[in-house]
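# Examining the three-dimensional arrangement
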Amino acid sequence: LAALRQLANLRDDSHWALAVAWLVAALYPRGPYPCLGLRGEQGSAKTTCARLLRALVDPATPDLRAEPTELRDLMITARGSWIVALDNLSHLPVWLSDALCRLATGSGFATRELYSDTDEVIFTAQRPVLWTAIDLPLRDDLADRAVLLDLPAIAEAERRTEAALWARFEALRPQLLGALLDRLAGALRELPATRLDRLPRMADFAVLAVAAERAAGEPARFLAAYSGQRHAAYEAALEASAVGQALVALVREQGAWEGTAAELLAALAAHAGEAATRARGWPRSARALV
């Protein structure tokens, strides 16, 4: 698989270990499946990297889609393809964040059949998810199910045309797919004997990734990389949240705090300031804060 690393703009060994783990999991017939998020500034080849990774597992058309507008559209996409790949997300509504969580772990969606008052249509799916974004703060439940890769900007001297890149990829595709299937076969062989001292969230994915790593005889990088990126996702979510920033400021000032949810909301509002409390997303009641 080293040839794939030369095509995909991944930052370091840790990011490569996470990308390979996601690819192996995406080929596995059972979930839960992790969500893969590719982040980076303009010129980091996020979209190209996403297309490369998807092309190895699910070369469907279109390869990447825009953000769906409703749950029905998302489930129809999931029914029609194996990998749900969304490109250039700028905002993640609460309903879509929750839907991606359910899609990763397996869920059903029921809706009324068109032109019918009594008949019901049920969509069920469990799929690997992939998205690209410049910067996309995640809710905690989605962050727990996500593998996040930060892509660096590509220097002008290192850029290549898409025609050259895809010609190289097509020449390598059989070799890359064979290598990836070898990884999966090795993981299946090692899986019954693979035990982890501590199971993280998405434990099935972690065990499969470690089994694939051991079967390939590679250094044990996955668990450290997986743990590190999850902490980074939590920190990013805190930094993007006005409530989170106010809470951090409150704890730093007082060290500890006790009281009711209503009292906490008032204390946070005092730290956040009027502009933050008037902004969209600030909880309007103690119940919303909890």
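Residues numbered from 1 in each chain as written. Predicted model: local features only at pLDDT ≥ 70, side-chain atom pairs only at ≥ 80, totals over all residues. Heavy atoms only, no water.

This next bit is on the packing of aromatic side chains. Scanning the entire structure with this criterion turns up five aromatic pairs. Aromatic pair Phe205 and Tyr226: ring centres 5.6 Å apart, planes at 85°, arrangement edge-to-face. Residue Phe205 is located in helix H8 (residues 203-215), and its partner Tyr226 is located in helix H9 (residues 222-240); the two are separated by 21 residues in the primary sequence. This pair shows no difference in class: Phe205 is buried, exactly as Tyr226 is. Aromatic pair Phe222 and Tyr226: ring centres 5.3 Å apart, planes at 20°, arrangement stacked. Here Tyr226 and Phe222 lie together in helix H9, a separation of four residues that amounts to about one turn. Judged by its relative accessible area of 1%, Phe222 falls in the buried class. Owing to a relative accessible area of 2%, Tyr226 belongs among the buried residues under this scheme. (Phe/Tyr/Trp six-rings, centres within 6.5 Å; stacked < 30°, edge-to-face > 60°. Helix = DSSP H or I, 4+ residues; strand = E, 2+ residues; numbered from the N terminus. Buried < 20%, exposed > 50% of the residue type's maximum accessible area, 1.4 Å probe, protein only.)

This brings us to the packing of helix H10 (residues 242-254) against helix H11 (residues 261-272). Close contact between H10 and H11 brings their axes to 9 Å; oriented N to C, the two are set at 95°. Of the possible angle classes, the one that applies to H10 and H11 is roughly perpendicular. Packed against H10, whose contacting residues are Val243, Ala246, Leu247, Ala249, Leu250 and Glu253, the element H11 presents Leu264, Ala267, Leu268, His271 and Ala272 at the interface. (Axes fitted to C-alpha atoms, helices over the stretch in contact; angles between N-to-C directions. Parallel < 35°, antiparallel > 145°, perpendicular 65-115°, else oblique. Contact = heavy atoms within 4.5 Å.)

All right, on to the nonpolar core then. If you look at the biggest cluster of nonpolar residues, it comprises 53 residues, and the most contacted ones within it are Leu149 and Phe222. With ten residues, the single largest contributor to this core is helix H2 (residues 13-27). For Leu149, the residues in contact, after removing those within four places along its chain, are Leu10, His15, Leu18, Ala19, Leu36, Gly37, Leu38 and Arg39. Leu96, Leu103, Leu138 and Ala143 belong to the second-largest nonpolar core, a separate cluster that totals 24 residues. (Core = buried A, V, L, I, M, F, W, Y, C linked by side-chain atoms within 4.5 Å.)

To locate leftover empty space, one rolls a probe as large as a water molecule over the atoms. Approximately 370 Å³ is the volume found for the second largest pocket. If you go around the second largest pocket, you meet 17 residues; those closest to its centre are Ala45, Ile154, Glu158, Arg160 and Leu165. Going through the elements one at a time, helix H1 (2-7), helix H3 (46-57) and helix H7 (162-190) are the ones with two or more residues in the lining of the second largest pocket. If you tally residues by element for the lining of the second largest pocket, the top one is H3, at three residues. (1 Å grid on protein atoms, 1.4 Å probe; cavity = no way out; pocket = protein on both sides within 12 Å on 5 of 7 lines; lining within 4 Å. Points joined across faces, edges and corners; volume = space filled by probe spheres on them.)

Looking now at the pairing of strand E5 (residues 129-133). Burial of E5 is extensive: five of the five residues sit out of reach of the surface. Because side chains alternate across E5, one face comprises the buried residues Val129, Trp131 and Ala133, and the other comprises Leu130 and Thr132, equally buried. Examined bridge by bridge, strand E1 (residues 35-39) and E5 share five bridges and lie parallel to one another. When the sheet's bridge partners are listed, Arg39 is paired in E5 with Ala133. Inspection of the sheet shows strand E2 (residues 84-86) paired to E5 by three bridges, in the parallel sense. Pairing of Leu86 across the sheet is with Trp131, part of E5. (Pairing = 2+ DSSP bridges.)

This paragraph deals with the pattern of salt bridges. According to the stated counting rule, one finds eight salt bridges in the structure shown. For Asp63, the salt bridge is made with Arg51, and the minimal N-O distance between the two is 3.1 Å. Taken as a pair, Asp63 in the loop between H3 and helix H4 (71-80) and Arg51 in helix H3 lie far apart in primary sequence, twelve residues in all. Of the residues examined, Asp63 reaches a relative accessible area of 27% and is grouped as partly exposed. Each of Arg5, Asp13 and Arg221 takes part in a single network of salt bridges with overlapping partners. (Salt bridge = Lys/Arg side-chain N within 4 Å of Asp/Glu carboxyl O.)

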